[in-house]
Protein chains: 2
Amino acid sequence: MINYPNNKKTYNKFKSFANRGMKLEEMINATNEYYLEKDIAVIHKKPTPIQVVKIDNTGKSGKIIDAYFKSPSTTDYNGIYKGRYIDFEAKETNNKTSFPLGNLSEHQIKHLRAVKEHGGIAFIILSFNHFDEIYLLDADMVVEFYYSSKKKSIPYDIIKEKGHVIRKGYFNKLEYLEVVDKVYL
Amino acid sequence: MINYPNNKKTYNKFKSFANRGMKLEEMINATNEYYLEKDIAVIHKKPTPIQVVKIDNTGKSGKIIDAYFKSPSTTDYNGIYKGRYIDFEAKETNNKTSFPLGNLSEHQIKHLRAVKEHGGIAFIILSFNHFDEIYLLDADMVVEFYYSSKKKSIPYDIIKEKGHVIRKGYFNKLEYLEVVDKVYL
């Protein structure tokens with residue numbers, strides 16, 4: 001029984017899907033494809049690291065039959081924009097009061113810090129799913145909170161104050177390079 | 001029967017192993033670890049792209065039981081050095097007369113060209129295994145030969161003339177950033 005659109009719960013579910021549209025990762029990937037095609041930037045998602053244990057070579061091409069996901073030692077995205085090295089990680093949270101930094105590994109935190117120290121542009125793209133808000137958080141701020149906050153999280157209020165809202169364009173294009181222009185260039 | 005070191009063939013085999021030492025990829029990875037540890041550069045190998053088809057979730061952590069290797073759309077290595085975006089692919093050849101460009105996909109060629117156009121540093125690290133020589137070839141030269149040479153290869157003579165020899169340091173450290181300094185910075 002589907003009571004859409006009168007059943008409020010069901011309606012909200014649809015509404016929430018419509019608002020969020022694509023998942024954050026899908027939005028970023030589509031945006032990067034657009035940037036690449038329009039020759040604006042060359043930014044790619046790195047493949048998910050997988051440890052291959054066993055390959056079945058009986059077929060034409062090797063089929064992996066035993067493997068497992070490894071935890072990444074760097075971030076998901078990197079590339080070049082206006083001659084600058086860009087590096088970032090994308091995270092979503094359903095939390096309403098803060099961004100829990102346990103979502104990031106210490107490897108990733110150290111990587112973001114190293115990129116900044118070497119003159120690169122490094123940040124987190126963070127989606128507060130509940131508010132349908134997406135922020136760019138500079139790596140320095142994230143690194144600082146990672147090592148100084150007892151709760152290992154950044155309060156929502158501080159993100160609202162110090163983060164930079166990323167606008168969604170048509171077709172869920174996530175205009176994060178607009179924010180990069182404003183914040184870093 | 002092992003006649004080492006009098007049997008010339010066996011001896012040569014050992015000699016060749018000693019010379020080559022590690023495989024090119026292992027040498028680059030070890031060198032990048034060194035660069036990272038010494039805070040010289042942040043350059044990582046991207047994970048091999050794998051398409052996961054099926055995961056067995058009966059155990060504690062998901063075990064991948066069906067997957068296959070995808071062909072990479074970019075290069076193997078990228079990162080930041082002295083504030084500059086660096087991007088390269090590593091290739092070995094047993095060929096004695098030329099570097100066959102069929103070793104590179106058109107995706108990779110286009111990627112290298114795009115990186116150069118956006119102000120990045122892009123090249124191939126090429127090992128001529130037979131001569132135990134390793135060269136840095138600027139992306140422009142590789143792109144040019146890819147689209148202009150009928151044989152889709154770069155003759156060894158031209159590589160000797162226009163390529164840049166990369167020195168092996170102690171413990172097979174591949175001093176490719178020395179060459180980057182000289183050629184690009």
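Look above for the structure.
Quick caveat: nothing in here was measured; it's all calculated off a predicted structure.

1. A closer look at the overall build of chain A
Then step 1. Scanning chain A from N- to C-terminus turns up six helices and 10 strands.
Then step 2. The proportion of buried residues among the 185 residues of chain A is 43%.
Then step 3. Partitioning the contacts of chain A with sequence separation of at least 6, the portion at a separation of at least 24 is 62%.
Then step 4. Accessible surface for chain A amounts to roughly 10,300 Å². Of this, 50% is attributable to carbon and sulfur atoms.

2. A closer look at helix α6 (residues 176-184) of chain A
Then step 1. Listed as buried for α6(A) are A:Tyr176, A:Leu177, A:Val179, A:Val180 and A:Tyr184. Along the long axis of α6(A), the arc covered by the buried residues comes to 150 degrees, so they all point the same way.

3. Some points on the relation of the copies chain A and chain B
The pair of chain copies shares a relation made of a rotation about an axis and a shift along it.
Then step 1. If you rotate chain A by 180 degrees and push it 0.0 Å along the axis, it lands on chain B with an RMSD of 0.0 Å. When the rotation and shift are considered jointly, the pair of chain copies conforms to a two-fold rotation axis.
Then step 2. Of the residues that chain A buries at the interface, 100% are likewise interface residues in chain B, meaning the two copies contact each other through the same surface.

4. Overview of the pattern of salt bridges
Then step 1. Going through the model one piece at a time under the given rule, you end up with 20 salt bridges over all chains.
Then step 2. Salt bridges sharing common partners tie together A:Arg167, A:Lys173, A:Glu175 and A:Glu178.

5. Here's the deal with the interface of chain A and chain B
Then step 1. Taken residue by residue, the interface counts 34 residues in chain A and 34 residues in chain B.
Then step 2. Here chain A meets chain B over a buried area of about 2,700 Å², counting both sides, of which 66% is carbon and sulfur.
Then step 3. Between the two partners, chain A and chain B, sit zero salt bridges.
Then step 4. Applying the counting criterion to the chain A and chain B interface returns seven residue pairs in polar contact (both at pLDDT 80 or more).
Then step 5. Elements with a minimum of two residues in the side of chain A that touches chain B: β1 (41-45), β2 (50-56), β3 (63-69), β4 (77-81) and α3 (106-117) of chain A.
Then step 6. Per-element accounting of the side of chain A that touches chain B gives the leading share, seven residues, to β3(A).
Then step 7. Residues belonging to the side of chain A that touches chain B are distributed by class as follows: 17 nonpolar, 11 polar and six charged.
Then step 8. Of the strand pairs in this sheet, β3(A) and strand β3 (residues 63-69) of chain B are connected by two bridges, and their pairing is antiparallel. Residue A:Ile64 lies in a different strand from β3(B), and its bridge partner there is B:Ala67.

6. Quick word on the environment of B:Lys160
All names here are of chain B.
Then step 1. Turning to its location among the elements, lysine 160 is positioned in helix α5 (residues 156-162).
Then step 2. As a C-alpha pair, lysine 160 and serine 71 span 89 residues in sequence and 30 Å in three-dimensional space.
Then step 3. Those residues in contact with lysine 160 that lie beyond four places of it in its chain are Glu133 and Tyr135.
Then step 4. A polar atom in the side chain of lysine 160 sits 3.4 Å from the side chain of glutamate 133.

7. Thoughts on helix α4 (residues 139-148) of chain B
All names here are of chain B.
Then step 1. Buried residues of α4: Ala139, Met141, Val142, Val143, Phe145 and Tyr146, and no others.
Then step 2. Looking at the buried side of α4, the elements it contacts are α3 (106-117), β7 (121-128), β8 (133-138), β9 (153-155), α5 and α6 (176-184).
Then step 3. Here α4 starts with a cap whose side-chain oxygen sits 3.2 Å from the backbone nitrogen of aspartate 140, and that cap is aspartate 138.

8. What to know about the sheet that holds strand β7 (residues 121-128) of chain A
All names here are of chain A.
Then step 1. Here we have six strands laid out as an open sheet, ordered β1-β4-β5-β7-β8-β10, and mixed in their pairing. The two strands at the open ends of the sheet, each matched to only one other strand, are β1 and β10 (164-165).
Then step 2. The strands touched by helix α2 (residues 24-37) are β1, β4, β5 (84-93), β7 and β8 (133-138); relative to β1, the strand with the most contacts, the crossing angle is about 150 degrees.

9. Description of the sheet that holds strand β5 (residues 84-93) of chain B
Two modes of strand pairing occur in sheets, parallel and antiparallel, and in both the strands are linked by backbone hydrogen bonds.
Residue and element names in this part refer to chain B.
Then step 1. In spatial order, the strands read β1-β4-β5-β7-β8-β10; together these six strands make up an open sheet with mixed pairing. Each edge of the open sheet carries a strand with a single partner, namely β1 (41-45) and β10 (164-165).
Then step 2. Two strands pair when backbone bridges link them, and strand β4 (residues 77-81) and β5 are joined in this way by five bridges, in the antiparallel orientation. Opposite tyrosine 77, over in β5, you have phenylalanine 88 as the bridge partner.

10. A look at the packing of aromatic side chains
Residues and elements named next belong to chain A.
Then step 1. Applying the stated rule across the entire model yields 25 aromatic pairs over all chains.
Then step 2. Each ring, one from phenylalanine 128 and one from tyrosine 156, has its centre 4.9 Å from the other, and the planes form 80 degrees; the classification is edge-to-face. In this pair, phenylalanine 128 sits in strand β7 while tyrosine 156 sits in helix α5 (residues 156-162), placing the two residues 28 residues apart along the sequence. One exposure class covers both phenylalanine 128 and tyrosine 156, and it is buried.

11. Re the side chain of A:Asn129
Then step 1. Mapped onto the fold, A:Asn129 is located in the loop between β7 and β8.
Then step 2. Of the polar contacts made by the side chain of A:Asn129, one reaches the side chain of A:Asn94; its length is 3.1 Å.

Conventions adopted
- Residue positions are counted from 1 within each chain, in the order its sequence is given.
- Chains carry letters and ligands carry numbers; both start at the beginning, A for chains and 1 for ligands, and go up in the order they are written.
- Selection of residues for local features in this predicted model requires a pLDDT of at least 70, selection of side-chain atom pairs for listing and counting requires 80 or more, and totals for whole chains, interfaces and linings are taken over all residues.
- As a rule here, side-chain values come from all non-hydrogen atoms in the structure, and water together with hydrogens is ignored.
- The way it works is that DSSP assigns letters per residue, a run of H or I at least four long becomes a helix, a run of E at least two long becomes a strand, and they are numbered from the N terminus.
- Partly exposed describes any residue whose relative accessible area lies between the buried limit of under 20% and the exposed limit of over 50%, with all areas from a 1.4 Å probe on protein chains only and scaled to the type maximum.
- Only heavy atoms matter for contacts: two residues are in contact if any of them lie within 4.5 Å across the pair.
- In this description, accessible areas are obtained by the Shrake-Rupley approach with a 1.4 Å probe, and a residue is regarded as covered only by the protein chains that are shown.
- Here, the arc refers to the directions that run from the helix axis to the C-beta atoms.
- A least-squares fit on C-alpha atoms brings the copies together, and the residues used are those whose pLDDT is at least 70 in both copies.
- Definition used for salt bridges: Asp or Glu carboxyl oxygen within 4 Å of a side-chain nitrogen of Lys or Arg.
- Accessible area that two parts lose when put together, with a 1.4 Å probe and added across both, is what the buried area reports.
- Counting of polar contacts relies on pairs of N or O atoms within 3.5 Å, with two restrictions inside protein: one atom must be capable of donating a hydrogen and the other of accepting it, and residues adjacent in sequence are counted only when both atoms are side-chain atoms.
- Side-chain classes follow a simple rule in which Ala, Val, Leu, Ile, Met, Phe, Trp, Tyr, Cys and Pro form the nonpolar group, Asp, Glu, Lys and Arg form the charged group, and the remainder, Gly included, forms the polar group.
- Here the rule is simple: two strands pair whenever DSSP picks up at least two bridges between them.
- Helix axes are fitted to C-alpha atoms over the stretch in contact, other axes to C-alpha atoms as well, and angles between N-to-C directions run from 0 to 180 degrees.
- A pair of aromatic rings is counted whenever rings of Phe, Tyr or Trp (Trp by its six-membered ring) have centres within 6.5 Å, and the orientation is called stacked for planes under 30 degrees apart, edge-to-face for over 60 and tilted otherwise.

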